[in-house]
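Structural features, examined
The chain contents come next:
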Amino acid sequence: MKRRILVIDPDIAFATLLKESLEQTQLYQITTANDSQSTLDALAQDGWAMVILDLGLTDPPAEQVAQSVRARYPELPLTVIPLDGDALPPEIGALGIQSVLTKPFFLPDLPSLVARAMSTQSPVPVSPARVEIPEPPAQPGRGARWAGDKAKLAAPLSALARELGAEAVMLTCGDDLVAHTGRLAREDAEQLGHAIVASRRASAQVAKLLGREEMCFEQSMHEGNGYVLYSLNTAGEMVLSVALNSNTPLGIVRYHTRRTAETISKLAACA
């Protein structure tokens, strides 16, 4: 039996493109809604397996539609298409989004992204995710330290782990693992954190040997055994890393990680 997906997009041509791309898999039955009335009529129905919402919708406002979807279907997978170059509005991100389609994207990636979003755990957790915040002993001369309130890191790191279905999310600063969340044990996360720091230093050493000291570490990705480790420089000596299934589209990983990195940078600036 085909799974029913609702595509809400004011651009009829683009909605049709999504519909045709997904229906070619023979796995989905797609319904499109392009205006206020068709959207309201569709949301009144039951049996949806997913909703794909373009945030360019203005009639009715996309934020209102997203809130209605989450209120009526608390555990329904919700995928959003942000405006070109825009981050998700806070009120949208807080609703528990399974995936994000950033324009432009490759249509061949769409079926796998949809399948992954459908298999993602419910955005309404039974209990808050636990974030481990190790307290390293004070050792002078070991580089930068996180000077902010570590408790404030719990929400953004947990949200990133949930959005990507990550095995682990880690924030390092200088030589230290500042905080982490996910399925990895603390000692395993610490070992991975040390490897991330070593990788960052190796990148800086290579730049120096090449006479390009101005080149700073920005991002890296390592693959192996069905998993990838993606790291992104956040601010100064802070690096945000995620370990996750290699089937996750890289564009989605970059989007969510960069958005979380921006939040962490703001927290650091307020310290």
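Computed from a predicted structure; not experimentally measured. (Residues numbered from 1 in each chain as written. Predicted model: local features only at pLDDT ≥ 70, side-chain atom pairs only at ≥ 80, totals over all residues. Heavy atoms only, no water.)

On to the packing of aromatic side chains. Tallied over the entire structure, the rule returns 0 aromatic pairs. For the cation-ring pair, R4 lies above W48, with the distance from its terminal atom to the ring centre recorded as 4.0 Å. (Phe/Tyr/Trp six-rings, centres within 6.5 Å; stacked < 30°, edge-to-face > 60°. Lys NZ or Arg CZ within 6 Å of the ring centre and 35° of its normal.)

In this structure the tally under the stated criterion is 3 salt bridges. E23 is the salt-bridge partner of K19, the closest N and O atoms lying 3.0 Å from each other. Residue K19 and its partner E23 are both found in helix 1 (residues 12–23); the two are separated by 4 residues, about one turn of the helix. For K19, a relative accessible area of 26% translates into the label partly exposed. With relative accessibility at 26%, the residue E23 sits in the partly exposed group. A salt bridge links E163 to R259; its shortest N-O distance comes to 2.8 Å. Linking E163 in helix 6 (residues 154–164) with R259 in helix 8 (residues 250–269), this pair joins segments that are 96 residues apart in sequence. As far as burial versus exposure is concerned, E163 and R259 are alike and both buried. (Salt bridge = Lys/Arg side-chain N within 4 Å of Asp/Glu carboxyl O. Helix = DSSP H or I, 4+ residues; strand = E, 2+ residues; numbered from the N terminus. Buried < 20%, exposed > 50% of the residue type's maximum accessible area, 1.4 Å probe, protein only.)

Moving on to the pairing of strand 1 (residues 3–8). Walk down a regular strand and you will see the side chains alternate between the two sheet faces. Counting buried positions along strand 1 yields 5 of 6 residues, so the element is predominantly enclosed. By the bridge criterion, 6 bridges tie strand 1 to strand 2 (residues 28–33) in an arrangement that is parallel. Opposite I5, over in strand 2, you have I30 as the bridge partner. Handedness of the strand 1-helix 1-strand 2 crossover: right-handed. Where strand 1 lies against strand 3 (residues 48–54), 5 bridges are found, and the strand directions are parallel. Note that in strand 3 the partner of I8 across the bridge is L53. (Pairing = 2+ DSSP bridges. Right-handed = clockwise from strand over helix to strand, strands pointing away.)

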